[in-house]
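Understanding the architecture of this molecule
Spelled out, the chains give:
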Amino acid sequence: MVDHTYRKKRERCVTGIEGLDNILNGGIPRDNIILITGSCGTGKTTISLEFLIHGALMGEKSMFISVTEATSKLLKNAIPYEFFDERLIEEGMLTFIDMPALYEKLGLEKPEFTFEDIDVLVEAIGNIVKELGIKRLVIDSITSVCYRLKTEEKIRSFILRLGKLLSELGCTTILVSEISPMEQRYSMYGVEEAIADGIILLSNMERSGDMLRTLQVIKMRGTQHSRAKYVLDLTDIGVLLVPMLKGVGGG
Amino acid sequence: MTVALKVGEKLEKMPEASVLGIKTSINTYFDVIQGILDNFANARGMDVIYVTSTVPATPILNALKMLDIDLTNTYFVDCISNVLMGRGEEEENVLYIESPTMLEMIILKVEYLIKKTSRHAERKKIVILDSINSLAIHNNTKILSEFLHVLTNGLRAKDAYTVIFMLAEHSSEELENIVAFVCDDVLAVEVEEVE
Ligand SMILES: Nc1ncnc2c1ncn2[C@@H]1O[C@H](COP(=O)(O)OP(=O)(O)O)[C@@H](O)[C@H]1O
Ligand SMILES: [Mg+2]
């Protein structure tokens, strides 16, 4: 029997990454706040950027908040996409913000945030999203923000409040999470993954000496999805995905 | 009839999205390629994606140029150069894969070339897999069979032609079976027919 309540169509935020939209049955359920997690060099920033550029091209205002890398450097190196058009930035469809600049503006240049500081930061991000009419947001990375939050309670409070606010504003959000290659969890503090509506795991996998980049949707509230492992290729026309071959049984 | 004509004629009779296995010996190898490129693909203004795991792309390119075959719309996916000689000079129109065991990367590079060549002109595509035997040196039959399935299904969905080479000298019944399983037809090019 088909469960109609579950199947009731939730509006999708089409990522524009064909393979990923297929895995997610049409895209990320709109207003979700999800985690893209993986170790260094697995493609988190690249995929997040592609998500934003496609959004901007489809007429949805998109914003990238860079925490670790200066956006000027990011723009110079990290956008080899053929479909990227400088005009998206000039016309305000695609906005880049440096988190350190925001910290400075808010007087948050300190090693550890208080609960009040969290309020200030969440409100500031919410205001920007509201004022600019942002529909897609990426924070790269949430892990770097968490360094200043320190405790599980604060991390929980920050992500919950941010998620609620952004969701009310109709904004679909990707939080980039950095983990070490051997990490057993999907996030540095464990809290992030529990609160997020979805988790997309990127990995570098070794298979008999070959290095493959892989992608797996671990969870995604609001949609049915494949949990299979996919091999990915980062190209100038975007991320391409194919199911990992199993080759079970030897031969 | 020459081998090239015979191959061209065979493909002409097949509808789009077809998969053809070609069993050829070393003697007729270049005649088969000529048949696909000259008598079929170039004659019809198609894009050719040539996946090689047998011989590196450079010697194949050079040999085809010697035969005066137009390679303007031919692209290579080379999965053997790195294994045989390490990273060397890279050719234009050739994508390199580190190892023939990275079967998923073959599928992804083929998809890339199809998308990349589709954006400006709506040209039909033909993908040549040369050869199942050399892939079998590096992969077990189970994963090869799965690979052929995923590859050919994807190409059928894109209305592309697929040609899979089987080298008669290195063939086995098991390999011929997994190829036959995904093919609409298999053409055996007999050595006797060479003029
Ligand atoms: N279009 C592309 N073509 C080829 N390689 C790419 C492309 N985009 C990114 N890369 C490479 O992929 C790697 C991972 O990039 P990145 O997204 O920064 O990873 P992460 O954010 O997970 O650390 C980098 O080494 C980068 O050079
Ligand atoms: Mg990054």
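Residues numbered from 1 in each chain as written. Chains lettered and ligands numbered in written order. Predicted model: local features only at pLDDT ≥ 70, side-chain atom pairs only at ≥ 80, totals over all residues. Heavy atoms only, no water.

1. Let's talk about the sheet that holds strand E4 (residues 94-96) of chain B
All names here are of chain B. Spatially, E4-E3-E2-E5-E6-E1-E7 is the arrangement adopted by the seven strands of the open sheet, whose pairing is parallel. Two strands bound the open sheet, and with one partner strand each, they are E4 and strand E7 (185-188). If you compare each strand with its neighbour and ignore which way they point, the axes differ by 20° on average. Sheet topology note: the strand E2 (residues 47-52)/strand E3 (residues 74-78) ladder contains five bridges and is parallel. Following the sheet pairing, Ile-49 is matched in E3 by Tyr-75. Helix-sheet contacts for helix H1 (residues 3-13) involve strand E1 (19-24), strand E5 (125-130), strand E6 (161-167) and E7, and the interaxial angle to E7 is about 170°. (Pairing = 2+ DSSP bridges. Helix = DSSP H or I, 4+ residues; strand = E, 2+ residues; numbered from the N terminus. Axes fitted to C-alpha atoms, helices over the stretch in contact; angles between N-to-C directions. Contact = heavy atoms within 4.5 Å.)

2. Describing the nonpolar core
Counting 43 residues, the largest nonpolar core has Ile-106, Val-110, Phe-147, Leu-148 and Ile-164 of chain B as its most contacted members. Ranked by residue count, the leading element in this core is helix H5 (residues 103-118) of chain B, at nine residues. Counting residues in each nonpolar core, the second largest holds 39 residues, with Ile-33, Ile-97, Ile-139 and Ile-159 of chain A among its members. (Core = buried A, V, L, I, M, F, W, Y, C linked by side-chain atoms within 4.5 Å. Buried < 20%, exposed > 50% of the residue type's maximum accessible area, 1.4 Å probe, protein only.)

3. Considerations on the site of ligand 1
Residues and elements named next belong to chain A. Taken together, 13 residues surround ligand 1, and among them Gly-41, Lys-44, Thr-45, Thr-46 and Leu-234 come closest. Gly-43 places a polar main-chain atom, nitrogen or oxygen, 3.0 Å from an oxygen atom of ligand 1. At a separation of 2.7 Å, an oxygen atom of ligand 1 approaches a polar side-chain atom of Thr-45. Contact with the protein chains removes 62% of the 570 Å² of surface that ligand 1 exposes when unbound. Where the shell around ligand 1 is concerned, the elements lending two or more residues are helix H3 (44-57) and strand E10 (230-235). Sorting elements by how many residues they give to the shell around ligand 1 places H3 first, with three residues. (Near = heavy atom within 4 Å. Polar contact = N/O pair within 3.5 Å; in protein donor to acceptor, adjacent residues only side chain to side chain. Areas by Shrake-Rupley, 256 points an atom, 1.4 Å probe, with all protein chains shown as cover.)

4. What about the environment of Val-150 of chain B?
With respect to the element layout, Val-150 of chain B can be found in helix H7 (residues 141-157). For Val-150 of chain B, a relative accessible area of 29% translates into the label partly exposed. Linking Val-150 of chain B and Glu-104 of chain B, residues 46 residues apart in sequence, is a C-alpha distance of 9.2 Å. Ignoring any residue separated from it by four or fewer positions in sequence, one finds Val-150 of chain B in contact with Val-242 and Leu-245 of chain A together with Ile-107 of chain B.

5. Quick word on the interface of chain A and chain B
Across the boundary between the two partners, chain A contributes 23 residues, which contact 21 residues of chain B. Taken together, both faces of the contact between chain A and chain B bury some 1,900 Å²; the carbon and sulfur share is 60%. Joining chain A to chain B, the criterion identifies five salt bridges. As a salt-bridge pair, Lys-116 of chain B and Glu-82 of chain A come within 2.6 Å of each other at their nearest N and O atoms. Joining chain A to chain B, the criterion identifies 10 residue pairs in polar contact (both at pLDDT 80 or more). Among the secondary structure elements, those contributing two or more residues to the side of chain A that touches chain B are strand E9 (210-220), E10 and strand E11 (238-243) of chain A. When the residues that make up the side of chain A that touches chain B are grouped by side-chain class, the tally is 12 nonpolar, four polar and seven charged. (Buried area = accessible area lost by both parts, 1.4 Å probe. Salt bridge = Lys/Arg side-chain N within 4 Å of Asp/Glu carboxyl O. Nonpolar A, V, L, I, M, F, W, Y, C, P; charged D, E, K, R; others polar.)

6. Here's the deal with the packing of helix H7 (residues 115-132) of chain A against helix H9 (residues 152-168) of chain A
All names here are of chain A. It is at 10 Å that the axes of H7 and H9 come closest, and there the two elements cross at 25°. Judged by the angle between their axes, H7 and H9 are roughly parallel. Considering how the two elements wind past one another, H7 and H9 form a crossing that is right-handed. Packed against H7, whose contacting residues are Phe-115, Ile-118, Asp-119, Leu-121, Val-122, Ile-125, Gly-126 and Val-129, the element H9 presents Glu-153, Lys-154, Ser-157, Phe-158, Arg-161, Leu-162, Leu-165 and Leu-166 at the interface. (Parallel < 35°, antiparallel > 145°, perpendicular 65-115°, else oblique. Left-handed = near helix turned anticlockwise from the far one by under 90°.)

7. Side note on a nonpolar patch on the surface
Residue and element names in this part refer to chain B. A cluster of nonpolar side chains, namely Val-83, Leu-84 and Met-85, defines an oily patch on the protein surface of about 310 Å² accessible area. With respect to the helices and strands, the residue Leu-84 is situated in helix H4 (residues 81-85). Classification of Leu-84 by relative accessible area gives exposed; the value is 55%. (Patch = residues over 30% accessible without salt bridge, like charges linked within 9 Å, V, L, I, M, F, W, Y side chains within 5 Å.)

8. Focus: the side chain of Ser-48 of chain A
Mapped onto the fold, Ser-48 of chain A is located in helix H3. In this structure Ser-48 of chain A touches Ile-36, Val-138, Ile-174 and Val-176 of chain A, once residues within four positions along its chain are discounted.

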